[in-house]
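# An overview of the molecular structure
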Amino acid sequence: MTEDFRGPSLLRDDDVTTALREIYAAPAESAYWSGLEARIMSRVSADDIGEAWYVIPEKWLRVGLVAAGFAVLVAGSLLMRDQTQYARAEYETIIDPSTIDAPTLAARERMAEQANIRALTGR
Amino acid sequence: MTDRPTDERDLVLSAQRGEREAFSQLVRTHQRRAYAVARAIVVNHEDAEDAVQEAFLHAYKALDRFLPDQAFGAWLHRIVANAALDITRRRKVRDADELPETVASPFRDPAEGNELRQRLKDALAKLPERQRSVIVLHDVEGFKHSEIGQLLGIPEGTARSDLHYARSQLRGILGPVRRDL
């Protein structure tokens, strides 16, 4: 199809145009149009309400982001402190057996005994 | 376009400030023409109504980006045309997936009962969609080639040639029918 038609155009056919106008005629009743207007405005209102539920004002969004950033920093530092304390406790447990609680010590001794028995019996 | 009434600019400004009644009045003023644009593009009354509703909702959401010194109608018509073209595309996909069925329309078509009109409807159904839209927008709604080009996103020359071929096709299809009538 040509993109830039320069040929002689066919004139409008009045019979066809009249019939086309009837086929494509918009509803004439004013009740139809007031109904359509009401449906459009109802959708507009619904959209406003819908947006109000999830649209956060920009100022609040900034405050929220700063608070979330601060919370991440606090949580990170707490986690690091816990890990340091845990590592230190582990280290102290290894170099100083007196810090090991009694049940753990007993379990370790039992495991060592069993290992010796297995070594002697060859099982 | 600067021939629009100044009170429309005031309405647009009020609507942009969030006054619902102002937007309602814009709907009241433009909905018939918006329907005509949509109806020229889609295949039935229901789709045209859907396109009009979608378009007004979209216009409402985009209202803050509209410059009040421009013509609201021309801006709205482009939105309507886009909504109608979108519905047409979705309908094509849907129709390809489903068996064709006849949907009862609550709106009584004024063309019913007239032989020429019925034949014309059949002939229109055989036209490529864009040619059908162009002939309706031009011959029925009175849009200029350039306006049709903007609405449908095609060059003005293409709108012109589409109109020529649509008229030619309809004449070819209706010629024998009209001799019979």
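Preceding block: the structure.
A few points on the structure.

Another point: the overall build of chain B. Regarding its fold elements, chain B presents eight helices and zero strands. Moving toward the C terminus, one meets the helices and strands of chain B in the order α-α-α-α-α-α-α-α. When burial is assessed residue by residue, chain B has 36% of its 181 residues classed as buried. Looking at chain B alone, contacts between residues at least 24 apart form 67% of all its contacts between residues at least 6 apart.

Attention now moves to the interface of chain A and chain B. How big an interface is tends to be expressed through the accessible area that disappears when the partners come together. If you look at the interface, chain A gives 30 residues, while chain B gives 38 residues. Of all the elements, helix α2 (residues 30-54) of chain A adds the most residues to the side of chain A that touches chain B, at nine residues. Partitioned by chemical class, the residues of the side of chain A that touches chain B number 16 nonpolar, four polar and 10 charged.

By the element assignment, Val140 of chain B lies in helix α6 (residues 129-140). Between the alpha carbons of Val140 of chain B and Ala36 of chain B there is a distance of 9.1 Å; along the sequence they are 104 residues apart. Setting aside chain neighbours within four positions, we find Val140 of chain B in contact with Thr17, Leu20, Arg21 and Tyr24 of chain A.

What counts, and at which threshold
Residues numbered from 1 in each chain as written. Chains lettered and ligands numbered in written order. Predicted model: local features only at pLDDT ≥ 70, side-chain atom pairs only at ≥ 80, totals over all residues. Helix = DSSP H or I, 4+ residues; strand = E, 2+ residues; numbered from the N terminus. Buried ≥ 20, exposed ≤ 12 C-beta atoms within 10 Å, placed from the backbone. Contact = placed C-beta atoms within 7 Å. Nonpolar A, V, L, I, M, F, W, Y, C, P; charged D, E, K, R; others polar.

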